[in-house]
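# Working through the structure, step by step
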Amino acid sequence: MKSDPFYAFVATVLKLGRTPKGYVRSGRRADAIFKTIFKGVKPTILEIWEIYTQHRDDLTRKLVTTKESVVAYLLGFHLTNMARASVLFERSDARHGWKKLLKGKKVRVYDIGCGTGAMTLALGIHDAEYFMIDGSNPLLEAAAMLAEEMDLKVKTTRRVIEDLDPKQFATREGEDTVHIYLFGYVWNELTRNNTARRKLTTLLSNHIKRKEKCLVFIAEPALEQMARSTMELRDVLCAAGYVALYPCPHSNHCPMLDRPKDWCYSEGEWDQPPLAKWIDEQLEMTRSRHAGSLFAFSSPEVGLTSDAARIVVGRPVRDEGKERYKGFFDYLVCDEDGITKQTPLAPLQVTARGMILDEKVNASQPPVKRASGKKLDPPTKGPGGAKSEIRRAPHTSAERKGVKK
Ligand SMILES: C[S@@+](CC[C@H](N)C(=O)[O-])C[C@H]1O[C@@H](n2cnc3c(N)ncnc32)[C@H](O)[C@@H]1O
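Everything numeric here is computed off the predicted structure, so don't read it as measured data. (Residues numbered from 1 in each chain as written. Predicted model: local features only at pLDDT ≥ 70, side-chain atom pairs only at ≥ 80, totals over all residues.)

### Section: the overall build of the protein
- What the protein contains, in helices and strands, is nine helices and 11 strands.
- When each of the 405 residues of the protein is scored for burial, the buried share is 44%. (Helix = DSSP H or I, 4+ residues; strand = E, 2+ residues; numbered from the N terminus. Buried ≥ 20, exposed ≤ 12 C-beta atoms within 10 Å, placed from the backbone.)

Okay, here's the thing in structure tokens:
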């Protein structure tokens with residue numbers, strides 16, 4: 001691999017980003033140029049952020065179509081989307097070992113609504129054929145640059161989902177293929193696009209009908225409406241024959257859909273490289289801890305089964321007198337029998353949503369104080385992680401000289 005995803009990100013920002021008129025790049029340090037580019041697009045990042053988080057109904061495909069908005073998307077969202085995707089890939093692999101099953105197989109990865117390719121880059125499988133599909137050309141161009149930095153074998157296609165041809169997603173004769181679908185923050189953009197939603201579910205159910213090997217990874221925001229819509233999609237996929245791998249311990253109806261006030265999401269930590277921390281400071285955000293509605297599935301032919309684990313899906317404050325017990329919590333645990341409350345036994349270690357609860361049930365346990373500020377779980381490597389600092393990966397020969405030592 002030529003580069004790691006964090007360096008690929010920095011190199012792409014430097015290539016695509018604009019600096020003010022009269023600004024001379026040569027002789028300047030790469031991180032200084034990076035910061036200047038960031039400052040130029042900061043208002044656009046905040047604008048996109050507001051639309052994504054508060055006015056999603058305004059969301060149209062036209063949102064990220066200019067070069068400037070692509071750089072803003074890269075700087076504001078790409079790395080955190082990768083960090084969340086890494087949690088999904090790492091945890092589902094830790095529970096089911098799906099990565100080792102790919103050895104010796106033809107692997108085709110379809111990143112649908114790929115944007116800048118955060119899911120592809122987080123997947124970290126080098127020997128695969130990647131198909132990056134999106135309706136936006138400028139985003140695809142950025143995705144192609146990032147993939148090239150990572151030395152991935154990628155084909156980009158500008159096409160809206162509704163126009164995808166299901167025949168192109170079939171296993172070719174004589175090949176032992178594993179199809180991998182990546183859907184990052186795209187399902188919720190299709191709320192009013194039933195044709196596209198139907199196309200996606202058709203593509204996926206075709207693999208079941210044809211008895212093909214297929215893995216599906218979905219990341220969506222942890223917000224109530226979007227997470228619940230993803231949980232509904234999860235039920236549709238399981239009803240079509242998919243095996244739920246993550247976070248679900250079974251493939252039956254999602255019990256949380258019957259609880260109108262709850263929704264399913266995973267929590268993760270990301271050991272941010274210094275530049276990512278700097279971006280968060282500039283945006284007045286903290287995203288070293290993050291959350292996402294994350295799901296993984298496989299077709300039966302992959303040979304995996306749901307693992308009947310006990311998964312933390314909530315941490316409600318205890319019912320008995322919210323004031324008196326302020327800061328005390330139970331776990332909501334999802335297992336084969338549905339969702340139950342469990343009082344934690346180990347008050348100093350908070351198990352994150354989406355993780356296996358490694359404690360025995362003990363309902364008579366007295367309430368324990370919330371261990372605020374404690375680590376939720378080992379931080380994911382994420383894009384770059386702590387080991388990656390800009391100074392370890394000079395990206396272009398001109399900028400290499402200027403990179404801080
Ligand atoms: C929020 S972005 C997410 C990008 C990327 N998957 C990620 O994880 O960062 C949603 C992407 O879906 C694309 N998109 C939305 N509707 C689409 C459609 N009908 N056909 C193709 N792409 C679409 C947008 O262009 C955008 O790149």
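And the narrative resumes.
### Examining unusual backbone geometry
- Cis geometry is adopted by the peptide bond preceding Pro-247, which originates at Tyr-246 and carries an omega value of -10°.
- Within the fold, Pro-247 resides in the loop between β6 (243-246) and β7 (266-269).
- Look at Tyr-185: it is not a glycine, yet its phi comes out positive at around 55°.
- A tally of 22 C-beta atoms within 10 Å means that Tyr-185 is categorised as buried.

### What to know about the site of the ligand
- The environment of the ligand is formed by 21 residues, the closest being Gly-113, Gly-115, Gly-135, Val-160 and Gly-184.
- Among the residues making up the shell around the ligand, the classes are represented as 10 nonpolar, eight polar and three charged. (Near = placed C-beta within 6 Å. Nonpolar A, V, L, I, M, F, W, Y, C, P; charged D, E, K, R; others polar.)

### Side note on helix α8 (residues 274-283)
- For α8, every residue scored as buried is listed here: Leu-275, Ala-276 and Ile-279. All buried residues of α8 lie within an arc of 105° about the axis, which places them on one face of the element.
- With its phi angle positive at about 55°, Glu-284 sits one or two positions after the end of α8. (Arc of directions from axis to C-beta.)

### Here we look at the environment of Thr-191
- With respect to the helices and strands, the residue Thr-191 is situated in the loop between β4 (177-184) and α6 (194-209).
- Each C-alpha atom, one on Thr-191 and one on Met-226, is 9.2 Å from the other, the two residues being 35 residues apart in sequence.

### Things to note about the sheet that holds strand β9 (residues 311-314)
- Taking strand neighbours across the sheet as the criterion, the three strands line up as β9-β10-β11 in an open arrangement whose pairing is antiparallel. Edge positions in the sheet fall to β9 and β11 (338-342), since each has one partner strand and no second. Adjacent strand axes in the sheet meet at a mean angle of 40°, parallel and antiparallel pairs treated alike.
- Bridge count for strand β10 (residues 331-335) against β11 is five bridges, and the pairing is antiparallel. Looking at β11, one finds that Cys-334 is bridged to Ile-339. (Pairing = 2+ DSSP bridges. Axes fitted to C-alpha atoms, helices over the stretch in contact; angles between N-to-C directions.)

### Observations regarding helix α5 (residues 137-149)
- For α5, which comprises 13 residues, the first-to-last C-alpha distance of 18 Å matches the rise-based estimate of 18 Å (1.5 Å per residue) to within 8%.
- Taken as a whole, α5 has its buried residues at Leu-139, Leu-140, Ala-142, Ala-143, Leu-146, Ala-147 and Glu-149.
- Each element contacted by the buried residues of α5 is listed here: α1 (5-16), α3 (67-96), α4 (118-123), β2 (129-134) and β3 (153-158).
- Positive backbone phi, approximately 65°, marks Asp-151, located one or two places after α5. (Expected span 1.5 Å × (residues − 1). Contact = placed C-beta atoms within 7 Å.)

### Overview of the nonpolar core
- If you look at the biggest cluster of nonpolar residues, it comprises 91 residues, and the most contacted ones within it are Leu-182, Val-216 and Phe-217.
- The leading source of residues in this core is α3, at 14 residues.
- Among residues more than four places away in sequence, those in contact with Phe-217 are Leu-88, Phe-89, Met-119, Tyr-181, Leu-182 and Ala-296.
- Counting 18 residues, the second largest nonpolar core, distinct from the first, contains Ile-311, Val-312, Leu-332 and Leu-357. (Core = buried A, V, L, I, M, F, W, Y, C linked by C-beta atoms within 7 Å.)

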